[in-house]
Amino acid sequence: MDAYWKKYDRTLKRIESEKPQTFDGLKAILDEFEPPSSGDAFFPGGADETLGESLRAAGWHIEYREGDYLWLGTSKTGEVISHVEGDLYRGNAFLAR
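Heads up: these notes are all about the structure in this document. Note that the coordinates shown come from a computational prediction; the quantities given were computed from them, not determined experimentally. (Residues numbered from 1 in each chain as written. Predicted model: local features only at pLDDT ≥ 70, side-chain atom pairs only at ≥ 80, totals over all residues. Heavy atoms only, no water.)

**What to know about the environment of Ala58**
Part 1: Checked against the element boundaries, Ala58 lands in the loop between helix 3 (51-57) and strand 2 (61-66).
Part 2: Given a relative accessible area of 2%, Ala58 falls into the buried group.
Part 3: Sequence separation between Ala58 and Ser75 is 17 residues; the distance between their C-alpha atoms is 8.7 Å.
Part 4: Sequence-distant contacts of Ala58, defined by excluding residues within four places in its chain, comprise Ile15, Glu16, Lys19 and Gln21. (Helix = DSSP H or I, 4+ residues; strand = E, 2+ residues; numbered from the N terminus. Buried < 20%, exposed > 50% of the residue type's maximum accessible area, 1.4 Å probe, protein only. Contact = heavy atoms within 4.5 Å.)

See below:
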């Protein structure tokens, strides 16, 4: 398990240092950690550090909809992503509902 959490932390630190501003740039980093499940990309929760916090450190605006599991992220360039319990979707998935 120690290797898993080290890779988890490295993934978040990579987002903070590389500061991807597009969904494709973010997806490229996340896919190296774990392949997508239901969404276009995936990053699990369950740790003290979260994807939302790392994206905020990378310059994204995070708007929480419910708790820390349902949010929208907007990059400095206007790219929008939706986060639903670890699954990430390109664009605002909440408009379709």
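From this point, the discussion proceeds with the structure in view.
**Here we look at the pattern of salt bridges**
Part 1: In the structure shown here, the tally under the stated rule is seven salt bridges.
Part 2: The shortest N-O distance in the salt bridge between Glu32 and Arg14 comes to 3.0 Å. Placement of Glu32 in helix 2 (residues 23-33) and of Arg14 in helix 1 (residues 2-18) is noted, with a sequence separation of 18 residues between them.
Part 3: On the accessibility criterion, Glu32 (51% relative accessible area) is exposed.
Part 4: By relative accessible area, Arg14 is classed as partly exposed at 26%.
Part 5: Between Arg90 and Asp24 there is a salt bridge; the shortest N-O distance is 2.7 Å. Taken as a pair, Arg90 in strand 5 (residues 87-90) and Asp24 in helix 2 lie far apart in primary sequence, 66 residues in all.
Part 6: We classify Arg90 as partly exposed; its relative accessible area is 45%.
Part 7: Of the residues examined, Asp24 reaches a relative accessible area of 48% and is grouped as partly exposed. (Salt bridge = Lys/Arg side-chain N within 4 Å of Asp/Glu carboxyl O.)

**Section: the sheet that holds strand 2**
Part 1: If you walk across this open sheet you meet the five strands as 1-5-4-3-2, and the pairing is antiparallel. Either end of the sheet is taken by a strand with one partner, and the two such strands are strand 1 (41-42) and strand 2.
Part 2: As defined by bridge partners, strand 4 (residues 80-84) adjoins strand 5 across four bridges and the pair is classed as antiparallel. Considered in strand 5, the bridge of His83 is made with Leu88. (Pairing = 2+ DSSP bridges.)

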